[in-house]
Amino acid sequence: MARFTAAETDIAIGKRIQLRRKELGISAEVLAEKIGVSQQQFSRYERGATKMNVNHLVNIAIILNTPIDWFFSDSKTFNLDDDKPLYVPIHNDALRFRLNHHWQQMNNEQKRTLINWLDAIFGGQ
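None of the values given here were measured: they were computed from a predicted structure.

J.: Is there a simple way to explain the packing of aromatic side chains in this structure?
T.: Centre-to-centre distance and the angle between the planes together describe a pair of aromatic rings. If you walk through the whole model with that rule in mind, you get one aromatic pair. Their ring planes at 75° and their centres at 5.4 Å tell us that Trp70 and Phe71 sit as a pair that is edge-to-face. Just above the ring of Trp70 sits the side chain of Arg16; from NZ or CZ to the centre is 4.1 Å.

This is the structure in structure tokens:
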């Protein structure tokens, strides 16, 4: 099985932090202050340019009310259990944001399949 390098894992975690932070409408500046780092340092964490102290990640998970394993769910080294559901937050427009994010990455066939599946769930309404 292919595995992420450490740098790829740092980038993936940073992207997940940014995604969740934006879902909740929390600015980078506010989150940086809450975990006790400068905004510049926090930006490096989100870009994966700097390795994050595990205590900071724990604090981020608490502040963002997110299970810590969700930040690793993109990592091939962590997400080995295909039966484990991914955490999907339900706050404000979080689900729409996630759908838009995935929709932009889908090809036309995938989009068509998703729409057909939704139609089937709702009886073609």
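Continuing now.
J.: It is not clear to me how helix H2 (residues 28-35) should be interpreted in this structure. Could you clarify?
T.: Count 3.6 residues to each turn of an α-helix, and residues three or four apart come out pointing the same way. Taken residue by residue, H2 has Ala28, Leu31, Ala32 and Ile35 as its buried positions. One side of H2 holds all its buried residues, which, seen down the axis, span an arc of 100°. H2 presents Glu33 and Lys34 as exposed residues on the side facing more than 90 degrees away from its buried surface. Phi turns positive one or two residues past the end of H2, at Gly36, with a value near 85°.

J.: What is the right way to look at the nonpolar core in this model?
T.: The nonpolar side chains of a soluble globular protein tend to be buried, and buried together. Grouped together as the largest cluster of nonpolar side chains are 17 residues, with contacts concentrated most on Ile17, Leu31, Phe42, Ile60 and Phe71. Taken together, the elements giving at least two residues each to this core come down to helix H1 (6-23), H2, helix H3 (39-47) and helix H4 (54-63). Top contributing element to this core by residue count: H2, with four residues. If we skip the residues at most four places from it in the chain, Ile17 touches Leu31, Phe42, Glu46, Met52, Leu57, Ile60, Leu64 and Phe71.

J.: Whenever I open this one, the pattern of salt bridges confuses me. Can you help?
T.: Opposite charge on two side chains permits pairing when their charged atoms draw close. Applying the stated criterion across every chain yields a total of four salt bridges. Between Asp10 and Lys51 there is a salt bridge, with its nearest N and O atoms 2.9 Å apart. Taken together, the positions of Asp10 in helix H1 and Lys51 in the loop between H3 and H4 put the pair 41 residues apart, joining distant regions of the chain. Accessibility expressed as a relative area gives 54% for Lys51, which makes it exposed. Glu46 is the salt-bridge partner of Arg21, the closest N and O atoms lying 2.7 Å from each other. One end of the pair, Arg21, is in helix H1; the other, Glu46, is in helix H3, with 25 residues separating them in the sequence. According to the relative accessible area criterion, Arg21 is buried, its value standing at 7%.

J.: How should I be thinking about the packing of H2 against H3 in this particular structure?
T.: For any two helices packed against each other, the geometry is given by the interaxial angle and the distance between the axes. It is the contact of H2 with H3, at a shortest axis distance of 9 Å, that shows an interaxial angle of 105°. Considering the angle they form, H2 stands roughly perpendicular to H3. Mapping the contact onto sequence places Ala28, Glu29, Leu31, Ala32 and Ile35 in H2 and Gln39, Phe42 and Tyr45 in H3.

J.: Explanation requested: the side chain of Lys111 in the structure shown.
T.: Structurally, Lys111 is set in helix H6 (residues 108-121). This buried residue, Lys111, is left without a salt bridge; Glu109 holds the nearest opposite charge, at 12 Å. Apart from the residues within four sequence positions on either side, Lys111 is in contact with Trp103 and Met106.

J.: Honestly, the packing of H2 against H4 in this entry has me stumped. Any pointers?
T.: For the pair H2 and H4, interaxial distance at closest approach is 10 Å and the crossing angle is 120°. One element, H2, and the other, H4, form an angle in the oblique class. As for how H2 packs across H4, the hand of that crossing is right-handed. Two secondary-structure elements touch here, H2 through Leu31, Lys34 and Ile35 and H4 through His56, Asn59, Ile60 and Ile63. Taken together, the residues that form the contact of H2 with H4 break down as four nonpolar, two polar and one charged.

Scoring rules and cut-offs
- Residues numbered from 1 in each chain as written.
- Predicted model: local features only at pLDDT ≥ 70, side-chain atom pairs only at ≥ 80, totals over all residues.
- Heavy atoms only, no water.
- Phe/Tyr/Trp six-rings, centres within 6.5 Å; stacked < 30°, edge-to-face > 60°.
- Lys NZ or Arg CZ within 6 Å of the ring centre and 35° of its normal.
- Buried < 20%, exposed > 50% of the residue type's maximum accessible area, 1.4 Å probe, protein only.
- Helix = DSSP H or I, 4+ residues; strand = E, 2+ residues; numbered from the N terminus.
- Arc of directions from axis to C-beta.
- Core = buried A, V, L, I, M, F, W, Y, C linked by side-chain atoms within 4.5 Å.
- Contact = heavy atoms within 4.5 Å.
- Salt bridge = Lys/Arg side-chain N within 4 Å of Asp/Glu carboxyl O.
- Axes fitted to C-alpha atoms, helices over the stretch in contact; angles between N-to-C directions.
- Parallel < 35°, antiparallel > 145°, perpendicular 65-115°, else oblique.
- Lys, Arg positive; Asp, Glu negative; His and termini not counted.
- Left-handed = near helix turned anticlockwise from the far one by under 90°.
- Nonpolar A, V, L, I, M, F, W, Y, C, P; charged D, E, K, R; others polar.

Everything listed here is a matter of geometry and, on its own, says nothing about what the molecule does.
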